[in-house]
Amino acid sequence: MEVRLAALVDSMNALGRGGDVDAHFGLVSDTLDYFAAEGAVHESLEEALLFPRISSLPQFKQILSALEFQHRMNRAEAEGLRACVERRAAGTELRRSSVRFIEMHRGHVVAEECALFPLLPSALTPKELDELSLEARRRVQASKAGGR
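Predicted model only: the values in this text are computed from it and were never measured. Position numbers for residues count from 1 along each chain, tracking the sequence in the order it is written. Predicted model: local features are reported for residues with pLDDT of at least 70 only, side-chain atom pairs are reported and counted for 80 or more only, and whole-chain, interface and lining totals are derived from all residues. For the side-chain quantities, the full set of heavy atoms in the structure was used; hydrogens and water were omitted.

Draft legend 1. Region of interest: the packing of helix α1 (residues 2-16) against helix α2 (residues 21-54). What counts as an axis is a line fitted to C-alpha atoms, over the stretch in contact for a helix, and the angles between N-to-C directions run from 0 to 180 degrees. Helix numbers and strand numbers start at the N terminus; a helix is a DSSP run of H or I with at least 4 residues, a strand a run of E with at least 2. Two elements in contact, α1 and α2, have axes whose closest approach is 10 Å; the angle formed by their N-to-C orientations is 160 degrees. Taken together, the axes of α1 and α2 are roughly antiparallel relative to one another. With respect to the hand of their crossing, α1 and α2 are arranged in left-handed fashion. Counted together, Arg4, Leu5, Ala7, Leu8, Ser11, Met12 and Leu15 of α1 and Val21, His24, Leu27, Val28, Asp30, Thr31, Tyr34 and Phe35 of α2 form the full contact between these two elements. Only Asp, Glu, Lys and Arg are considered charged, only Ala, Val, Leu, Ile, Met, Phe, Trp, Tyr, Cys and Pro nonpolar, and every remaining residue, Gly among them, polar. Across the contact of α1 with α2, the residue classes break down as 10 nonpolar, 3 polar and 2 charged. Throughout this description, any angle smaller than 35 degrees is read as roughly parallel, any larger than 145 degrees as roughly antiparallel, any in the 65 to 115 degree range as roughly perpendicular, and the remainder as oblique. We call a crossing left-handed when the near helix sits turned anticlockwise from the far one by less than a right angle, and right-handed when that turn is clockwise. Contact definition: two residues touch when any of their heavy atoms are within 4.5 Å.

The following block contains the structure:
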């Protein structure tokens, strides 16, 4: 994910220096496609498998609310950025939307890595964590098999 976001930053910088507009729109579109696929799988696994297991625990109330909000906002920002690409809206609007998209996704990763994931071992047993991991892998494999 970070590689995709870094490439988007690089593309924004190149565009600001008079870079290839067509290449930039292609990179933005490819990035959005990646997040629409991989990001959607990540979010759906969290919302279907992890969040229900910890939602009743008081130490997770606030972070789960924030993460679910971030999921909605990330999707909304992706739609806005996609609209810029479809309109071929170069310049300030595209740059601003891209920067928001990048910052929101990076903020979400920080929230997961710093606030959610460190609490999981205190709330779920190693067996439960293994079960979650296995079920997530099973669902990802099933979705890839169904997508062929």
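Once the structure has been displayed, the description carries forward.
Draft legend 2. Geometry of the pattern of salt bridges. We define a salt bridge as a side-chain nitrogen of Lys or Arg found within 4 Å of a carboxyl oxygen belonging to Asp or Glu. The final tally for this structure, using the stated rule, is 10 salt bridges. Salt-bridge contacts for Arg53 lead to Glu131; the nearest nitrogen and oxygen are separated by 4.0 Å. Taken as a pair, Arg53 in helix α2 and Glu131 in helix α6 (residues 126-146) lie far apart in primary sequence, 78 residues in all. Relative accessibility decides the category of a residue: with a 1.4 Å probe and only protein chains considered, values under 20% of the type maximum give buried, values over 50% give exposed, and everything between is partly exposed. When its relative accessible area of 36% is taken as the criterion, Arg53 is described as partly exposed. Note that Lys127 is salt-bridged to Glu131, the shortest N-O span being 3.9 Å. Of this pair, Lys127 and Glu131 are both found in helix α6, 4 residues apart, which corresponds to roughly one turn of the helix. On the basis of relative accessibility, which here comes to 59%, the residue Lys127 falls in the exposed class. Look at Glu131 and you get partly exposed, because its relative accessible area is 35%. One network of salt bridges, with partners in common, ties together Arg53, Lys127 and Glu131.

Draft legend 3. Geometry of the packing of aromatic side chains. In this scheme Phe, Tyr and Trp rings, the latter by its six-membered ring, pair at centre separations within 6.5 Å, and the angle between planes marks the pair as stacked below 30 degrees, edge-to-face above 60, and tilted otherwise. According to the stated counting rule, one finds 2 aromatic pairs in the structure shown. Judged by centre distance (5.2 Å) and plane angle (90 degrees), the rings of Tyr34 and Phe35 are edge-to-face. Among the aromatic residues, those joined into a ring-pair cluster are Tyr34, Phe35 and Phe101.

Draft legend 4. Expanded view of the nonpolar core. For this analysis, a nonpolar core means a set of buried residues of the types Ala, Val, Leu, Ile, Met, Phe, Trp, Tyr and Cys, connected via side-chain atoms within 4.5 Å. Membership of the largest hydrophobic core comes to 16 residues, with the highest contact counts inside it found for Val28, Leu32, Leu81, Leu94 and Phe101. Dropping the residues within four chain positions of it, Leu32 is found in contact with Ala78, Leu81, Arg82, Val85 and Phe101.

Just distances and angles here, no functional claims.
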